[in-house]
Amino acid sequence: MQSTWTPPLRWVFAAATVLGCFSALQSYRLSTLNLRYPMDIEVGKLLILNLVYWYIPASLTPVIFRLGHRFRVDGPRGLRALGVHALAAVSYSAIHCAILIGTRLMLWEAANKLPAVPWTLFVQRQYLAQLDFTLMTYTTVLGLSYALHYSRESHARAVKEAQLETSLVQA
């Protein structure tokens, strides 16, 4: 069985950094839209939070690529693979939510105060608010792994055919 190719982490984290900076700019602008009075917005903390937001999927990209290679949805056990990926996507979304809540608790002192709602409700709201993003991120990385696999497979097949054609012409 051939090893799973994953994109170099420097590429993955470079893309995540760009997306994190863009998200931080978007968050900053959204924070200032409804302000009636000048308010200090902690841009550094906002940037850290948004970088963490994107570094989580970046750090799990190799794992998702390996899962995609091991459990192929186009293989003979496609239904089983879909189940594995559904479980992996939900697990990924729970990890993403937990890390973001932890990051908020570390960055903002007010976040450590008891929320106005029970913690179970607070965590559920946070989880459900990000669920669509996390599921889409997981499936996008998984789809990218399949696309890159097919591309590499197609290129390798074309090279073999060209070598075979060359050897036939020389014979």
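For the structure, see preceding data.
Residues numbered from 1 in each chain as written. Predicted model: local features only at pLDDT ≥ 70, side-chain atom pairs only at ≥ 80, totals over all residues. Heavy atoms only, no water.

Asker: Sorry if this is basic, but what is going on with the overall build of the chain here?
Answerer: When you go through the chain residue by residue, the secondary structure sums to four helices and zero strands. The globule rule puts the C-alpha radius of gyration for 171 residues at 16 Å, and the 22 Å found for the chain is more than 25% above it. In terms of overall dimensions, the chain has a C-alpha envelope of 80 × 35 × 25 Å along the principal axes. Buried positions account for 28% of the 171 residues belonging to the chain. Once local pairs closer than 6 in sequence are excluded, the contacts in the chain between residues at least 24 apart make up 76%. Of the roughly 11,700 Å² of accessible surface on the chain, 66% is carried by carbon and sulfur atoms. In the chain, the 15 positive side-chain charges and the 8 negative ones have mean positions that sit 6 Å from each other. (Helix = DSSP H or I, 4+ residues; strand = E, 2+ residues; numbered from the N terminus. Rg over C-alpha atoms; globule rule 2.2 N^0.38 Å. Buried < 20%, exposed > 50% of the residue type's maximum accessible area, 1.4 Å probe, protein only. Contact = heavy atoms within 4.5 Å. Areas by Shrake-Rupley, 256 points an atom, 1.4 Å probe, with all protein chains shown as cover. Lys, Arg positive; Asp, Glu negative; His and termini not counted. Charge placed at Lys NZ, Arg CZ, Asp CG, Glu CD.)

Asker: How should I be thinking about the pattern of salt bridges in this particular structure?
Answerer: Where side chains of opposite charge bring their charged atoms close, a pairing between them can arise. On inspection of all chains with the given rule, the structure shows three salt bridges. Here K45 ties to E42 by a salt bridge, and the two come within 3.1 Å at their closest N and O atoms. On the basis of relative accessibility, which here comes to 39%, the residue E42 falls in the partly exposed class. Among the salt bridges present, the one from R72 reaches D74, with a minimum N-O distance of 3.3 Å. For D74, a relative accessible area of 45% gives the class partly exposed. (Salt bridge = Lys/Arg side-chain N within 4 Å of Asp/Glu carboxyl O.)

Asker: Before we go on, may I ask you to explain the side chain of S23 in this structure?
Answerer: Tracing the backbone shows S23 in helix α1 (residues 9-33). Judged by its relative accessible area of 10%, S23 falls in the buried class. A distance of 2.8 Å separates the side chain of S23 from the side chain of W54, its partner in a polar contact. The residues touching S23, leaving out its near neighbours within four places in the chain, are N50 and W54. (Polar contact = N/O pair within 3.5 Å; in protein donor to acceptor, adjacent residues only side chain to side chain.)

Asker: Mind showing me how you'd approach the packing of α1 against helix α2 (residues 43-70) here?
Answerer: Geometrically, a packed helix pair is captured by the angle between its two axes and the distance between the axes. It is at 8 Å that the axes of α1 and α2 come closest, and there the two elements cross at 145°. Crossing hand, α1 versus α2: right-handed. Contacts between α1 and α2 involve L9, V12, F13, A16, T17, L19, G20, C21, S23, A24, S27 and Y28 from the former and V43, L46, L47, N50, L51, W54, Y55, A58, S59, T61 and P62 from the latter. Its residues placed into classes, the contact of α1 with α2 shows 16 nonpolar, seven polar and no charged. (Axes fitted to C-alpha atoms, helices over the stretch in contact; angles between N-to-C directions. Left-handed = near helix turned anticlockwise from the far one by under 90°. Nonpolar A, V, L, I, M, F, W, Y, C, P; charged D, E, K, R; others polar.)

Asker: Would you take a moment to explain the nonpolar core for this structure?
Answerer: Generally speaking, nonpolar side chains in soluble globular proteins are found buried as a group. Within the largest apolar cluster, 19 residues are counted, with the highest numbers of intra-cluster contacts made by Y53, W54, I64, L100, Y138 and L142. If you list the elements that add at least two residues to this core, you get α1, α2, α3 (78-107) and α4 (119-170). Examining the composition of this core, we find that seven residues originate from one element, α2, more than from any other. Beyond its immediate sequence surroundings of up to four residues, Y138 is in contact with I64, L67, H85, A88, A89 and Y92. (Core = buried A, V, L, I, M, F, W, Y, C linked by side-chain atoms within 4.5 Å.)

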